[in-house]
Amino acid sequence: MNVLQRIDDGQVGGDHYKSMSTTPWEALQVWLTPEELRGYFKGEAIVYLARERKKNGLEDVKKAKHVLEKLIEVYDRES
């Protein structure tokens, strides 16, 4: 399994998305333009980083990292 596949296979903080037949990330990749998708992932990472002190601490930092790994995958796929 390559690194890019592991990004979608993993989930920080449970399996509530992975248990769905279509995950939100999969749907967004179909519905959004590449530019919109990049913006979504940037915003999602910012949200996790902004709340880490008041909510889930290190888990939120790990979630932001996971989202940024997905953003890197989007950039790699575009080039």
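Residues numbered from 1 in each chain as written. Predicted model: local features only at pLDDT ≥ 70, side-chain atom pairs only at ≥ 80, totals over all residues. Heavy atoms only, no water.

1. Some points on a nonpolar patch on the surface
Just so we agree on the cut-off: The residues that make up patches have over 30% relative accessible area and no salt bridge, and they are joined within 9 Å when like-charged or within 5 Å when they are Val, Leu, Ile, Met, Phe, Trp or Tyr. Using a 1.4 Å probe, the Shrake-Rupley method yields the accessible areas, and only the shown protein chains count as cover for residues. Should a side-chain nitrogen of Lys or Arg be within 4 Å of a carboxyl oxygen of Asp or Glu, the pair is scored as a salt bridge. Segments assigned H or I by DSSP are reported as helices when at least four residues long, segments assigned E as strands when at least two residues long, and all are numbered from the N terminus.
Judged by side-chain polarity, Leu-49, Leu-58 and Val-61 come together as a nonpolar surface patch covering roughly 260 Å² of accessible area. Along the chain, the position of Leu-49 falls in helix α3 (residues 34–51).

2. Looking at the nonpolar core
The nonpolar side chains of a soluble globular protein tend to be buried, and buried together. Let me state the cut-off plainly: The nonpolar core is taken to be a set of buried Ala, Val, Leu, Ile, Met, Phe, Trp, Tyr and Cys residues, with the residues joined through side-chain atoms within 4.5 Å. Relative accessibility thresholds used throughout: buried, under 20% of the residue-type maximum; exposed, over 50%; partly exposed, between the two (1.4 Å probe, protein chains only). Residues count as neighbours in contact if any of their non-hydrogen atoms are within 4.5 Å of one another.
Grouped together as the largest cluster of nonpolar side chains are ten residues: Trp-25, Leu-28, Leu-37, Phe-41, Ala-45, Tyr-48, Ala-64, Val-67, Leu-71 and Val-74. Those elements that provide at least two residues to this core are α2 (24–31), α3 and α4 (58–78). Beyond its immediate stretch of four places on either side in the chain, Val-74 contacts Leu-37, Arg-38 and Phe-41.

3. A short note on α2
As a reminder of what qualifies: What the arc describes is the spread of directions from the helix axis to the C-beta atoms.
All of the buried residues in α2 are Trp-25, Ala-27 and Leu-28. In an axial view of α2, the angular spread of the buried residues amounts to 160°, which keeps them on one side of the axis.

4. Section: the packing of α3 against α4
Angle between the axes and distance between the axes: these two values describe a pair of packed helices. Stated formally: Between N-to-C directions, angles cover 0 to 180 degrees, with each direction set by a line fitted to C-alpha atoms, over the stretch in contact for helices. Here is the rule for angles: anything less than 35 degrees is roughly parallel, anything more than 145 is roughly antiparallel, 65 through 115 is roughly perpendicular, and the remaining ranges are oblique. It is the rotation of the near helix from the far one that decides the hand of a crossing: anticlockwise by less than a right angle makes it left-handed, clockwise makes it right-handed. Gly is put with the polar residues, along with every residue not named as nonpolar or charged; the nonpolar set is Ala, Val, Leu, Ile, Met, Phe, Trp, Tyr, Cys and Pro, and the charged set is Asp, Glu, Lys and Arg.
Axis separation between α3 and α4 bottoms out at 8 Å; the angle between their running directions is 165°. The angle between the axes of α3 and α4 places the two elements in the roughly antiparallel class. For the crossing formed where α3 meets α4, the hand is left-handed. Packed against α3, whose contacting residues are Pro-34, Leu-37, Arg-38, Phe-41, Lys-42, Glu-44, Ala-45, Tyr-48, Leu-49 and Arg-51, the element α4 presents Asp-60, Lys-63, Ala-64, Val-67, Leu-68, Lys-70, Leu-71, Val-74, Tyr-75, Arg-77 and Glu-78 at the interface. Classifying every residue of the contact of α3 with α4 gives twelve nonpolar, no polar and nine charged.

5. As for the pattern of salt bridges
Applying the stated criterion across every chain yields a total of six salt bridges. The residue Lys-63 makes a salt bridge to Glu-59 at a minimum N-O spacing of 3.4 Å. Within this pair, Lys-63 and its partner Glu-59 are both found in helix α4, separated by four residues, close to a single helical turn. When the shortest N-O distance is used, the salt bridge between Lys-65 and Glu-69 registers 3.7 Å. Separated by four residues within a single helix, Lys-65 and Glu-69 lie in helix α4, roughly one turn from each other. The class for Glu-69 is partly exposed, based on a relative accessible area of 29%.

6. Section: the confidence of the model for the protein chain
Low-pLDDT portions of the prediction should not be read for the details of their coordinates. The line we're drawing: The score called pLDDT rates the predictor's confidence residue by residue, from a low of 0 to a high of 100.
The predicted model of the protein chain averages 85 in pLDDT, with 77% of residues at 70 or higher. For the protein chain, helix α1 (residues 3–9) is the element with the lowest average pLDDT, namely 56, and α3 is the one with the highest, namely 97.

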